[in-house]
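# Summary of structural features
The primary structure of each chain is shown beneath.
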Protein chains: 2
Amino acid sequence: MSAPTPPSVILSTPQLAENIGACARVMANFGLSDLRLVNPRDGWPQERAWASASGADWPLNDAKVLERVEDAVADLQVVFATTARPRELQLPILTPREAAAELAKAGAEGLRTGLLFGGERAGLETADIALCQAVVTIPIDPRFRSLNLAQAVALNAYEWRMTQSTTPPPAFREGPPPADGATMLGLFEHLERELEEAGFFHPPEKKPSMVQNLRAALSKAQFSDQEARTFRGVITALSRGRGRVLEKLARQKAERGQ
Amino acid sequence: MSAPTPPSVILSTPQLAENIGACARVMANFGLSDLRLVNPRDGWPQERAWASASGADWPLNDAKVLERVEDAVADLQVVFATTARPRELQLPILTPREAAAELAKAGAEGLRTGLLFGGERAGLETADIALCQAVVTIPIDPRFRSLNLAQAVALNAYEWRMTQSTTPPPAFREGPPPADGATMLGLFEHLERELEEAGFFHPPEKKPSMVQNLRAALSKAQFSDQEARTFRGVITALSRGRGRVLEKLARQKAERGQ
């Protein structure tokens, strides 16, 4: 069995170029190479990143820079968010070891996977976590939670590599692979447009958290492409009737010369 | 069972104070506290170590400084050397995971344990490794072996902490339990009624398989009771407008005496 593609590493709004370089270094230590930067605070490229990578230049040379986490996960099928347990969302919580096993299994099936990390200060937005299928929580001592970004990447990269040292039994998922991030985002935005139309989001200030909960709940299903298409059809069907009747109403008004 | 004493961390001839501080930080992250420094190159204490510890001051404040590795391990009963596989010595080679299990077992028996790390440049002398009972080799990618000292400490400290997590990994048992079958059936039937209304199920003979596919896709999400209620609300919102307009249409027909 050929080794599965390692997970991509996505850093959301990283602040220090030194930390980006340190992340590239540990990625190289454990055989990861695809690095994606969402809105690096000081722009990109940054010489200091290469300086702190100690020669692990290739993840930096090939790093993709994107504006939104949505864009960074658009081509990925299984993405886990590394963060403390988010109170607002009901996503599966995995240890780095469990997450690595899941990622290795998915990778062995040819799925494109990723690990999402927040910036040094702010961490991850709930809206970004809601784009992921599970949360990875490192078993940190509650008395000292300040974990360096590169250390968080290192532990997850190490756990991924550990899954490769002993060839895992090629696992076969029931049914087709999960849809990628762009497909799911299209489904989410379609649903949210129609719900907005229907006045579902009230009070308005609650909308962001309502949207996040809807996305997280649907993300858990890991819809296939076909299932995502089916639910686009469901949304259209449920909301279309409304449109049809409105047209009919408008026609009749017109006939009555109103 | 009371938690065993964590292993001591021994840094032999560390060079950069920043790395010593980073080691203290990851020690604190994973519940280790006893730090021993053998011949730190730039002397001790070094302000830069505290600066890079991000508040993990106690391992630095209590750090013991010694002249020889022999002195640093004098009071320890089980010490493993973290290094690449040494050709000259016939010592057991352990992964960090195997080493952590051994250290936890020894600690649970009341033994004093330690992990020995070499300096950034030189690594460990064979004579120092020979003072240890086993060698811990991190499964690094042979194509890029340059592992940061604090990262090496982090991986071993993390593995030790993993042995201490008494509770089974949270995984998918986190969060509220999945809704029961009756609740999900209520959701399914609600959705299917509205889809029937909207003319979604065509051709009619396909309806049974379409219903099965919808139910299977949503079942994968393992909705909680709250999520099931939310999606009942989504279905109502998407289809409600239609009902409202139909009533309005009926009213107008009645007013026109049709």
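Residues numbered from 1 in each chain as written. Chains lettered and ligands numbered in written order. Predicted model: local features only at pLDDT ≥ 70, side-chain atom pairs only at ≥ 80, totals over all residues. Heavy atoms only, no water.

All names here are of chain A. Summed over the entire model, instances satisfying the criterion amount to ten aromatic pairs over all chains. Look at phenylalanine 30 and tyrosine 158: their rings are 5.9 Å apart centre to centre, the planes differ by 75 degrees, and that puts the pair in the edge-to-face class. Of the two residues, phenylalanine 30 is situated in the loop between helix 1 (17-29) and strand 2 (35-38) and tyrosine 158 in helix 7 (residues 149-165); the sequence distance between them amounts to 128 residues. Owing to a relative accessible area of 0%, phenylalanine 30 belongs among the buried residues under this scheme. Judged by its relative accessible area of 0%, tyrosine 158 falls in the buried class. With a centroid separation of 4.7 Å and 10 degrees between ring planes, the pair formed by phenylalanine 223 and phenylalanine 231 is classed as stacked. Comparing phenylalanine 223 with phenylalanine 231, the two get one shared label, buried. (Phe/Tyr/Trp six-rings, centres within 6.5 Å; stacked < 30°, edge-to-face > 60°. Helix = DSSP H or I, 4+ residues; strand = E, 2+ residues; numbered from the N terminus. Buried < 20%, exposed > 50% of the residue type's maximum accessible area, 1.4 Å probe, protein only.)

Okay, the side chain of serine 8 of chain A next. All names here are of chain A. Relative to the helices and strands, serine 8 is located in strand 1 (residues 8-12). A residue is classified by how much of its surface remains accessible, and serine 8, at 5% relative accessible area, is buried. A distance of 2.5 Å separates a polar atom in the side chain of serine 8 from a polar atom in the side chain of aspartate 34. Those residues in contact with serine 8 that lie beyond four places of it in its chain are Asp34, Arg36, Leu76, Thr113, Gly114 and Leu115. (Polar contact = N/O pair within 3.5 Å; in protein donor to acceptor, adjacent residues only side chain to side chain. Contact = heavy atoms within 4.5 Å.)

Looking now at the packing of helix 7 of chain A against helix 7 (residues 149-164) of chain B. Their axes nearest at 10 Å, the elements helix 7 of chain A and helix 7 of chain B cross at an angle of 60 degrees. Viewed along their axes, helix 7 of chain A and helix 7 of chain B adopt a mutual orientation that is oblique. With respect to the hand of their crossing, helix 7 of chain A and helix 7 of chain B are arranged in right-handed fashion. Here Ala150, Gln151, Ala154, Leu155, Tyr158 and Glu159 of chain A of helix 7 of chain A come into contact with helix 7 of chain B, specifically with Ala150, Gln151, Ala154, Leu155, Tyr158 and Glu159 of chain B. (Axes fitted to C-alpha atoms, helices over the stretch in contact; angles between N-to-C directions. Parallel < 35°, antiparallel > 145°, perpendicular 65-115°, else oblique. Left-handed = near helix turned anticlockwise from the far one by under 90°.)

Right, let's get into the environment of phenylalanine 200 of chain A. Position of phenylalanine 200 of chain A relative to the elements: it lies in the loop between helix 8 (181-197) and helix 9 (207-219). Phenylalanine 200 of chain A sits ten residues away from methionine 210 of chain A along the chain, and the two C-alpha atoms are 9.5 Å apart. When sequence neighbours within four positions are dropped, the list of residues in contact with phenylalanine 200 of chain A reads Leu195, Met210 and Leu214 of chain A together with Thr230, Gly233, Val234 and Ala237 of chain B.

Note that side chains of opposite charge can pair when their charged atoms are close. In the structure shown here, the tally under the stated rule is 24 salt bridges over all chains. With a closest N to O distance of 2.7 Å, aspartate 34 of chain A and arginine 36 of chain A form a salt bridge. Here aspartate 34 of chain A and arginine 36 of chain A have matching classes, each one buried. In this structure, arginine 97 of chain B and glutamate 159 of chain B form a salt bridge, with 3.0 Å as the shortest nitrogen-oxygen distance. Of this pair, arginine 97 of chain B sits in helix 5 (residues 96-108) while glutamate 159 of chain B sits in helix 7, and the two are 62 residues apart along the sequence. Residues participating in the shared-partner salt-bridge network are Glu18, Arg41, Asp42 and Arg48 of chain A. (Salt bridge = Lys/Arg side-chain N within 4 Å of Asp/Glu carboxyl O.)

Okay, the interface of chain A and chain B next. Of the residues lining the interface, 70 residues belong to chain A; the matching set on chain B comes to 70 residues. When chain A packs against chain B, the two sides together hide about 5900 Å² of surface, and 64% of this comes from carbon and sulfur. Connecting chain A to chain B are two salt bridges. At the boundary of chain A and chain B, one finds 16 residue pairs in polar contact (both at pLDDT 80 or more). Elements represented by at least two residues in the side of chain A that touches chain B include exactly helix 1, strand 5 (93-94), helix 5 (96-108), helix 7, helix 8, helix 9 and helix 10 (225-255) of chain A. Broken down by element, the residue count for the side of chain A that touches chain B peaks at 17 residues, all from helix 10 of chain A. Here the residues of the side of chain A that touches chain B sort into 37 nonpolar, 17 polar and 16 charged. (Buried area = accessible area lost by both parts, 1.4 Å probe. Nonpolar A, V, L, I, M, F, W, Y, C, P; charged D, E, K, R; others polar.)

Interfaces are frequently sized by the accessible area removed from exposure as the parts join. Residues and elements named next belong to chain A. Domain assignment breaks chain A into domain 1 (8-162) and domain 2 (181-257). Placing a centre on the C-alpha atoms of domain 1 and another on those of domain 2 gives a separation of 32 Å. Contacts between domain 1 and domain 2 engage 17 residues on the former and ten residues on the latter. In total, domain 1 and domain 2 occlude about 1000 Å² of area from one another, counting both sides; carbon and sulfur atoms represent 58% of this. At the surface where domain 1 touches domain 2, the tally comes to zero salt bridges. Here domain 1 and domain 2 share four residue pairs in polar contact (both at pLDDT 80 or more) between them. When the residues that make up the side of domain 1 that touches domain 2 are grouped by side-chain class, the tally is eleven nonpolar, three polar and three charged. (Domains from an automatic or database assignment.)

A cis amide bond links histidine 202 of chain A to the next residue, proline 203 of chain A, at an omega of -5 degrees. As for its position among the elements, proline 203 of chain A is in the loop between helix 8 and helix 9. In this structure, asparagine 39 of chain B is a non-glycine residue whose phi angle is positive, near 50 degrees. The topology assignment puts asparagine 39 of chain B in the loop between strand 2 (35-38) and helix 2 (47-51). The residue serine 54 of chain B is not glycine, and still its phi comes out positive at about 50 degrees. Note on placement: serine 54 of chain B falls in the loop between helix 2 and helix 3 (58-61).

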